[in-house]
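Single-letter residue listing:
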Amino acid sequence: MLYLLDYGAGNVRSLANSITKLGFEFKWVQSPEDLQKADKLLFPGVGAFGPAMQSIRDKGYAEPLKQYIASGKPYMGICIGLQTLFEGSDEAPGVPGLGVVPGIVSSFSPFENDGKDKKSVPQMGWNTAKVVKTRNDGGDEDAIKYGFPDPKSGEQSHYYFVHSYRAQYQPDKHADWVLTTTQYGSEVFLSSIQRGNVFATQFHPEKSGRAGLELLRAWLSHPGTIDASKERLLLDPQQVAVPQPRDGLTKRIVACLDVRSNDDGDLVVTKGESYDVREKADAPASTEVVAEASGSSSPKRKVRNLGKPVDLATRYYLEGADEVTFLNITSFRSCALQDQPMLSLLEAAAAKIFVPLTIGGGIKDSVDPDGTPRPAKEVADAYFRAGADKVSIGSEAVYAVEELYARAAQNGQQGELDPLKFSDACLTGKTGIETISKGYGAQAVVVSIDPRRVYVGQGETVAAAHAACVVEGIKGSEDEGKKWWYRCTVKGGREDRDVDVVQLARGVQRLGAGEVLLNSIDRDGSNKGFDRQLVDLVRNAVDIPVIASSGAGNADHFVDVFANADASKPQGDGTVEAALAAGIFHRNECSINDVKTTLASNGFNVRIEAV
Ligand code: 1PR
């Protein structure tokens, strides 16, 4: 019997779903005794090294786990399940790992090329895996037995990574263990290891589309003990350690579904223009008056209905979306935990979609009608259990950054404009960003920003606090001669706040967010292309990955948003990690495959998976 070891730290539903989809059965480990009963063991570690090892020890699993591994029965670890096999990790100094593999896990460096270049940490996205080892356990000898494409074929699959720490590949220590290596920036690390019965991946096969499912199938189908003496290196271990001029990380294409109830009460995918999701005024209207994102009031028009959320999301998965995001756009009206349709929507999506899922809308502290308080973390817990990999926080992030500035002022840092320089005393540890980031890791917390341009008239001045956010129109563009800054809004653009995008982006990084989803109310639904000046402003303000959003109208707009100014550098170097679109995909104006083939023909790394 296959057992899964869950220590309660994140989304293990997707792994369970993948195993079921592949036609295998499993049980959850409930006690140390189960580890003796297991014939196959899968440890899908999520979260951080320290809490994972602590939980393994507290539950009495550490010794039985080591005995299980020593028994020769098949063991597979994923992500933290790989890292815990090492002697320790710099993420939790002094906390010993299982010590099966030599070496200490350490963090990626955000700096490259003697500090001249920067890369985002965590590594979040799809990267390749170079197969270094093969084995012959009867019949043909090839790496396909591990589930990777045959290296002789020249084919390369992409796998989904999300991690700040990695086991750096050291040829002298890891020649027996290396199965694949992966390069991020110029760092070469162990993306999977294999020796005898032990197999582990740093990436998430359960989130790696068909390539990941193939890998799981190969491991699940293997009948039993694997003999380490039949393994053979395919490549020179010293050579493997030498970084290539360019890594394999791809630009991610994210499909976004704005979800809300329509006037008949059905949960539908909708799509706005500048956040107005109702049909144009010439469509049938009623006399009821509603508040619009613009702040004005107008006769009620019908909510645009572009399809059923799970059907549409599944289509995008099959068409090659690298991630799918669901935004509950009217969540500000109610408590998310009572919004059960979003939870069941996510559960249904997670059973069919094997790429990362993000859910946003209503991730905030709230109170049930019976008075029970529901901290944001509890709301997030429910979404992670339902199958989310990341949660996206909108309005609450703005309030949290406002509070951060207020506390900085109280703590004597009122002159300091940069939130990344605010001391720890300015943190409460209680905001949703902080609590969720602490529990699930920064990579699980996305902050969705809804900025709007504020034009600055002749002779007007901008407050000093927003000086870093002022932009001037590019010569020759429709904005030539104009000047503006980007103001953040809450409640889906319905309310302006006195925080700008740079303050917000840096503020949420300080609070522990792992990624920024950067919308633009001005460009939303416009098909005019991304607001590249906004995108560059935020990309340069933070060290965490940024997803550009709003305005995509054709495949070339993705080339524009990823292109770097310096033609001597590899395409996409230093620009945003991902781009998101909604309308063009919903209306079939451009497919995800069109976007990716256009990017590939322009020299960008992308993941194109055969349908
Ligand atoms: O504030 O934490 O409850 O989160 C609410 C979430 O809902 C936020 O992420 C906010 O951006 C989103 N939201 C609220 N109202 C709307 C609306 O449209 N009326 N949608 C809304 C935001 C913007 C993008 C859109 C892109 C791409 N939608 O998600 O998908 O602009 O569109 P395009 O490619 O068609 O241009 P909280």
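In this text the structure is predicted, and so the values were computed from the model without any measurement. (Residues numbered from 1 in each chain as written. Predicted model: local features only at pLDDT ≥ 70, side-chain atom pairs only at ≥ 80, totals over all residues. Heavy atoms only, no water.)

### Section: the overall build of the chain
Summing up its helical and strand segments, the chain has 18 helices and 34 strands in all. The C-alpha radius of gyration computed for the chain amounts to 24 Å, which stays within 12% of the reference 25 Å derived for 611 residues, consistent with globular compactness. Referenced to the eigenvectors of the C-alpha coordinate spread, the extents of the chain come out at roughly 75 × 60 × 55 Å. Counting only residues that meet the buried cut, the chain has 58% of its 611 residues in that class. (Helix = DSSP H or I, 4+ residues; strand = E, 2+ residues; numbered from the N terminus. Rg over C-alpha atoms; globule rule 2.2 N^0.38 Å. Buried < 20%, exposed > 50% of the residue type's maximum accessible area, 1.4 Å probe, protein only.)

### A short note on the domain arrangement of the chain
Here the chain is partitioned into domain 1 (2-240) and domain 2 (252-601). Taken over C-alpha atoms, the centre of domain 1 sits 32 Å from the centre of domain 2. At the boundary of domain 1 with domain 2, total buried surface from both sides reaches about 2,200 Å², with 53% on carbon and sulfur atoms. When the buried area of domain 1 at its contact with domain 2 is split by residue, Arg13, Met124 and Lys207 rank highest and sum to 26% of it. Across the salt bridge formed by Glu347 and Arg13, the nearest N and O atoms sit 4.0 Å from each other. Counting every contact that joins domain 1 to domain 2 gives 12 residue pairs in polar contact (both at pLDDT 80 or more). (Domains from an automatic or database assignment. Buried area = accessible area lost by both parts, 1.4 Å probe. Salt bridge = Lys/Arg side-chain N within 4 Å of Asp/Glu carboxyl O. Polar contact = N/O pair within 3.5 Å; in protein donor to acceptor, adjacent residues only side chain to side chain.)

### Focus: the site of the ligand
In the neighbourhood of the ligand, 26 residues make up the surrounding shell, with Lys271, Ser448, Asp450, Asp524 and Ser550 lying closest. Here Gly394 contributes a backbone N or O atom positioned 2.9 Å from an oxygen atom of the ligand. At 2.8 Å from an oxygen atom of the ligand is found a main-chain nitrogen or oxygen belonging to Gly551. Its free accessible area being 780 Å², the ligand has 97% of it covered by the protein chains. Classifying every residue of the shell around the ligand gives 9 nonpolar, 13 polar and 4 charged. (Near = heavy atom within 4 Å. Areas by Shrake-Rupley, 256 points an atom, 1.4 Å probe, with all protein chains shown as cover. Nonpolar A, V, L, I, M, F, W, Y, C, P; charged D, E, K, R; others polar.)

### A closer look at the packing of aromatic side chains
Per the counting criterion, the structure on display carries 18 aromatic pairs. Arranged with centres 5.7 Å apart and planes meeting at 85°, the rings of Phe161 and Phe189 form a pair that is edge-to-face. Taken together, the residues Phe161 in strand β12 (residues 158-163) and Phe189 in strand β15 (residues 187-195) connect sequence positions 28 residues apart. Note on accessibility: Phe161 and Phe189 belong to one class, buried. Ring geometry for Phe384 versus Tyr440: centroids 4.1 Å apart, planes at 40°, classification tilted. Of this pair, Phe384 sits in helix α11 (residues 376-386) while Tyr440 sits in helix α13 (residues 432-440), and the two are 56 residues apart along the sequence. Classification of Phe384 as buried rests on a relative accessible area of 3%. (Phe/Tyr/Trp six-rings, centres within 6.5 Å; stacked < 30°, edge-to-face > 60°.)

### Quick word on the nonpolar core
Formed by 165 residues in total, the largest nonpolar core has its most connected members in Phe326, Tyr383, Ile436, Val501, Phe558 and Phe585. For this core, the two domains that each supply at least three residues are domain 1 (2-240) and domain 2 (252-601). (Core = buried A, V, L, I, M, F, W, Y, C linked by side-chain atoms within 4.5 Å.)

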